[in-house]
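# Examination of the molecular architecture
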Amino acid sequence: MKPLLNAHEFEAALRQIGAERYHNLHPFHRLLHTGKLSKSQVQAWALNRYYYQSMIPVKDSIILSRLTTPELRREWRRRIIDHDGDGSEPGGIEKWIALGRGVGLDEAYVVAGKGILPATRFAVDAYVHFVRDRTLLEAVASSLTELFSPTVISERVRGMLEHYPFITRDTLAYFDKRPVQAKQDSDFALHYCIDNARRPEEQEAVLNALRFKCDVLWAQLDALYFSYVEPGMVPPGAWQPGSGLASGEAGR
């Protein structure tokens, strides 16, 4: 049996997973951030990523329903508000819809989700099922990819503004608050996991949950790369470049 790691060792092991497996290392993200994608490939990314974004408050609602104290529920409820909004300010989902519009997609088409890749749907649904079916500790641990997101967000915003003339800062408004939100969220989840993984097998379950979540993110980019970059095999029923565009976008 593996030994119990102290808090410093445990956190280091979690961060090592991010260094090796986080999706900022994926070739599709490298192309996105360095301006090597066409507009239609950026549209494919925005469209498919919307499905992931739209299901985040769903998975967070599942976790919220499993928390047993008011303090924990208040903390986790904030995540849902961040994505759904509070009725007075737009949340992350509304801002991602605006991102879709900003890259030339029709809003109704984005929200309908009919053109997303099968692998996107399978990966995201697997994430929702994971937080429903695994232990609460594993469910919380699966959110720890937020430990690594502030760096990739700053890289993404800088690169997309620099390289894509059709991208504006307003298009990328979703990312304005995410570094601060992600740090707050990941700090809480990290401390929760350190405090509640008290046996070696629980620590290993946390590590595996983070590996699983990295796989969920990586699989989505695998599908985008295969379908819209190389070899460019779009599966039946998935979005085809030139379709689902906002009025006035065709032919641009």
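All values reported here derive from a predicted model rather than from experimental measurement.

## Considerations on the overall build of the protein
Per the secondary structure count, the protein includes eleven helices and zero strands. Put simply, the protein runs from its N terminus to its C terminus through helices and strands in the order α-α-α-α-α-α-α-α-α-α-α. A compact globule built from 252 residues would reach a C-alpha radius of gyration of about 18 Å, and the protein, at 18 Å, matches this within 12%. With the C-alpha coordinates aligned to their principal axes, the bounding extent of the protein is approximately 60 × 40 × 35 Å. For the protein, with 252 residues in total, the buried portion stands at 50%. A sequence separation of at least 24 residues applies to 80% of the contacts in the protein between residues at least 6 apart. Summed over all atoms, the accessible surface of the protein reaches about 11800 Å², with 54% contributed by carbon and sulfur. Taking the 31 positively charged and 31 negatively charged side chains of the protein as two groups, their mean positions are separated by 1 Å.

## Some words on helix α3 (residues 39–66)
Here α3 contains 28 residues, and its C-alpha end-to-end distance of 42 Å stays within 8% of the 40 Å for a straight helix at 1.5 Å per residue. The largest bend in α3 is about 30°, located at Met55, with the proline Pro57 one to four residues further on. With 22 of 28 residues buried, α3 is to be regarded as a mostly interior element.

## Re the pattern of salt bridges
A full pass over the atoms with the stated rule returns 18 salt bridges. With its nearest N and O atoms 2.2 Å apart, the salt bridge here joins Arg78 to Glu75. Of this pair, Arg78 and Glu75 are both found in helix α4 (residues 70–84), three residues apart, which corresponds to roughly one turn of the helix. Of the residues examined, Arg78 reaches a relative accessible area of 18% and is grouped as buried. Here Arg78 ties to Asp82 by a salt bridge, and the two come within 3.8 Å at their closest N and O atoms. Placement of both Arg78 and Asp82 in helix α4 is noted, with a separation of four residues, approximately one turn of the helix. Three or more residues are tied together by salt bridges with common partners; here these are Glu75, Arg78, Asp82 and Asp185.

## Some words on helix α9 (residues 149–163)
End to end, α9 covers 21 Å across 15 residues, agreeing with the expected 21 Å (1.5 Å per residue, within 8%). Taken as a whole, α9 has its buried residues at Ser149, Val152, Ile153, Arg156, Val157, Gly159 and Met160.

## Considering the UniProt feature "domain: Thiaminase-2/PQQC" (unreviewed entry) in the protein
Mapped onto the present numbering, the UniProt feature "domain: Thiaminase-2/PQQC" (unreviewed entry) falls at residues 12–222. Regarding residues 12–222, the helix share stands at 74% and the strand share at 0%, and the terminal C-alpha atoms are separated by 27 Å.

## Some thoughts on the packing of aromatic side chains
Per the counting criterion, the structure on display carries eleven aromatic pairs. Ring geometry for Trp96 versus Tyr174: centroids 5.1 Å apart, planes at 85°, classification edge-to-face. Of the two residues, Trp96 is situated in helix α5 (residues 92–102) and Tyr174 in the loop between α9 and α10 (178–196); the sequence distance between them amounts to 78 residues. Here Phe130 and Phe212 contribute two aromatic rings whose centre-to-centre distance is 4.3 Å and whose plane-to-plane angle is 10°, an arrangement assigned as stacked. Linking Phe130 in helix α7 (residues 118–133) with Phe212 in helix α11 (residues 200–228), this pair joins segments that are 82 residues apart in sequence. Counting every residue linked through ring pairs, the aromatic cluster contains Trp45, Trp96, Tyr174 and Phe175. Across from the ring centre of Trp76, 3.7 Å away, lies the NZ or CZ of Arg79, which sits over that ring.

## Description of the nonpolar core
With 75 residues, the main nonpolar core has Val42, Trp45, Leu144, Phe175 and Val206 as its most contacted residues. The greatest single-element share of this core, amounting to 13 residues, is contributed by α3. Each residue touching Phe175, except ones within four places of it in the same chain, is listed here: Trp45, Trp96, Leu99, Ile153, Arg156 and Val157.

About the cut-offs
Residues numbered from 1 in each chain as written. Predicted model: local features only at pLDDT ≥ 70, side-chain atom pairs only at ≥ 80, totals over all residues. Heavy atoms only, no water. Helix = DSSP H or I, 4+ residues; strand = E, 2+ residues; numbered from the N terminus. Rg over C-alpha atoms; globule rule 2.2 N^0.38 Å. Buried < 20%, exposed > 50% of the residue type's maximum accessible area, 1.4 Å probe, protein only. Contact = heavy atoms within 4.5 Å. Areas by Shrake-Rupley, 256 points an atom, 1.4 Å probe, with all protein chains shown as cover. Lys, Arg positive; Asp, Glu negative; His and termini not counted. Charge placed at Lys NZ, Arg CZ, Asp CG, Glu CD. Expected span 1.5 Å × (residues − 1). Bend = angle between axes of the 7 residues up to and from the residue. Salt bridge = Lys/Arg side-chain N within 4 Å of Asp/Glu carboxyl O. UniProt positions renumbered as here; feature names shortened; annotations may be inferred. Phe/Tyr/Trp six-rings, centres within 6.5 Å; stacked < 30°, edge-to-face > 60°. Lys NZ or Arg CZ within 6 Å of the ring centre and 35° of its normal. Core = buried A, V, L, I, M, F, W, Y, C linked by side-chain atoms within 4.5 Å.

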